[in-house]
Amino acid sequence: MFRAVKPGAAPAGPAASSEPKPPQGDRPAPKKPSEDSERTAVFRAVKPGAAEASKPGSGSGAPSKPSEDSERTAVFRAVKPGAAPAGPAAPSAPKPPQSDRPAPPHTAGDERASTFVPLRGDNARPAAPTAPKQAPTAPAPAPKQATAPAGLRQDSERTTQQPLPPKPPLDMLADLTNNPPPPPSPLRTFARRFKIYAPLVALLVIILAVVQLVRPLPEPQLKMTAQGSFTFDGSAPVLPWPKEGQGYMAAAGLGTVGTFGEQKPIAIGSVAKTMTAYVILKDHPMKKGEKGQMIPVDKTAVDDGKKDSEGESTVNTLKEGDQISEYDALAAIMIPSANNIARLLARWDSGGDQAAFVKKMNDTAKELGMTNTTYTDPSGLDATTVSTAEDQVKLGLKVVEMPELIAITKLPKWTDPSGKTWRNYNDLIPYNDSLGIKTGSTTKAGGNLLFAAQKQVGKTNQLIVGAVLGQHGVPILDTAIAASKDVMLATQKTLTGANVVKKGQVVGYVDDRLGGRTPVVATADVEAVGWPSLKVNVKLGEGGGPLPQTAKAGTEIGVLTIGEGASQVKVPVALKQDLVSPSLGSKLTRVG
């Protein structure tokens, strides 16, 4: 018979075993308690740490005498490691009777029944074991629970447990309020994250807004909406070129009007003195109305002046020790074409090294793009000084930008310091708005002329520059001058004007670079100068200073330019409406 016994309760005492048991199966029923050959095994759960045995003689139920039991029940119980077992170590020795565990009677064959004790946790409440099916038997009276023996510890050692990981804040709050945490859901997860990140995002937005507001505004830009070029109606003009040599004609700031002959290097004679004068004025500029520095006249200049008897062009009125002004020296080489004064200027500029000055002439030619030009002397007397009509026009276009030099070249005559008057060999002066520049003639070079002229077109004083080289008709210089006159007059005639922009027309806008645009208009009619088929450039630029962030309507903030160089036309542009500061939204949303 198997019977569940509550942990801590005393098993059936020996008095129950004295009652006669009903027959079970193939086991004969005992006749008397003293004659029982076998006792029923008892399984009971023992709570770890609880007292399992009482002191000898203090139990509430009287244990059966050893003489009456043929076999005692063996008790197996779990003992925590380190704790002393609650019973004698030797199983062969007779155990003292315990109050909560009756001594089972001995049975025939000296066999013992076993008691199995399951292990339990320290705090777990043991479940009552399921009793196996058995034959009915008389219940044994439960003995009184005995106190634990003196040799056993009242509290057994407990197993050390690892600490649990910390719970989430909501679970801890639920433990404190005795309310279970709400089940997770997408909505609750979103709400929790929103509460965490919303303040951070708001703070970041505030910081960015402050930074955007205190950042300096970008510099405004002036952009053009008008067409970038203008083309004159009609076909290209045909100029009356000579039958020999080469020629080239251009308008300052507008481009090439026409060209003639093969542009190959040939001797140019005294036309080379144009580069000499240009280098001197670049190194020693003169102020308007002044004559520049004073240059001492050396013995070499006086001796070279006497070569007029050999056919050279010289000024022979100077004396050693005299001084000549820079202005008079330039007039001497550009009007009577004095070779001795050209060499004097070269020595003065280079500290006596004429070769160094010639190198400076060639370096300047390269800077101007005169790729087919070579200078070997400052006067041009040497036949090895060669150039082309195109290269000389490039130089002439730079000369007409020097008013102090043009003021000399357009003179029909000049009076030297001694009082002698010298005429200009360029007979085009002073007719037809001719500005002169430089003649040149030798037997090798023939007749040559680099010339300039002007024409008033509308409000524009248009400059033109031309060159005719290699004329060998007799007389050679007069032939070159006559050919140059025909080309000059034809070019002046073909020049015309056309309205490109009218007053009040929108030509561009001010871009504040944050999305704002304020239109600008031309303050006057813009008339371009050109000839049929010519294409001129139109540009819009600032007026010399930075554009303002704010300004009233009508404020001039830029310049519209037609053409290039000395003949370009410029007209101011002004705001059509008030230029205002960028809006708050534009400041906050700007990038970069």
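Look above for the structure.
Right, let's walk through the structure included here. Here the structure is a predicted model, which means the values were calculated and not measured.

### Examining the pattern of salt bridges
Two side chains bearing opposite charge may form a pair once their charged atoms approach each other closely. By the definition in use, this model includes 11 salt bridges. Here R347 ties to D298 by a salt bridge, and the two come within 3.1 Å at their closest N and O atoms. Of this pair, R347 sits in helix 7 (residues 339-350) while D298 sits in the loop between strand 10 (294-296) and helix 5 (299-305), and the two are 49 residues apart along the sequence. Exposure remark for R347: the relative accessible area of 14% places this residue in the buried category. Residue D298 is classed as partly exposed on the basis of its relative accessible area, which comes to 27%. E312 is the partner of R343 in a salt bridge, and the nearest nitrogen-oxygen pair spans 3.3 Å. Of the two residues, R343 sits in helix 7 while E312 sits in the loop between helix 5 and strand 11 (323-325), which places them 31 residues apart along the sequence. For the pair R343 and E312, one class covers both residues: buried.

### A short note on the nonpolar core
Side chains that are nonpolar tend, in soluble globular proteins, to be buried together. Counting 57 residues, the largest nonpolar core has M275, V315, L330, I333, I341 and Y375 as the members making the most contacts within it. If we skip the residues at most four places from it in the chain, M275 touches M361, T364, A365, L368, M370, Y375 and L395. The next biggest cluster of nonpolar side chains, apart from the first, holds 47 residues, and it includes L222, V457, V487 and V510.

### With respect to a nonpolar patch on the surface
Judged by side-chain polarity, I206, V210, L213, V214, L584 and L588 come together as a nonpolar surface patch covering roughly 550 Å² of accessible area. Taken together, the elements giving at least two residues each to the nonpolar patch come down to helix 3 (186-214) and helix 12 (584-589). Ranked by residues supplied to the nonpolar patch, first place goes to helix 3 with four residues. For L584, the position within the fold is in helix 12.

The rules behind the values
Residues numbered from 1 in each chain as written. Predicted model: local features only at pLDDT ≥ 70, side-chain atom pairs only at ≥ 80, totals over all residues. Heavy atoms only, no water. Salt bridge = Lys/Arg side-chain N within 4 Å of Asp/Glu carboxyl O. Helix = DSSP H or I, 4+ residues; strand = E, 2+ residues; numbered from the N terminus. Buried < 20%, exposed > 50% of the residue type's maximum accessible area, 1.4 Å probe, protein only. Core = buried A, V, L, I, M, F, W, Y, C linked by side-chain atoms within 4.5 Å. Contact = heavy atoms within 4.5 Å. Patch = residues over 30% accessible without salt bridge, like charges linked within 9 Å, V, L, I, M, F, W, Y side chains within 5 Å. Areas by Shrake-Rupley, 256 points an atom, 1.4 Å probe, with all protein chains shown as cover.

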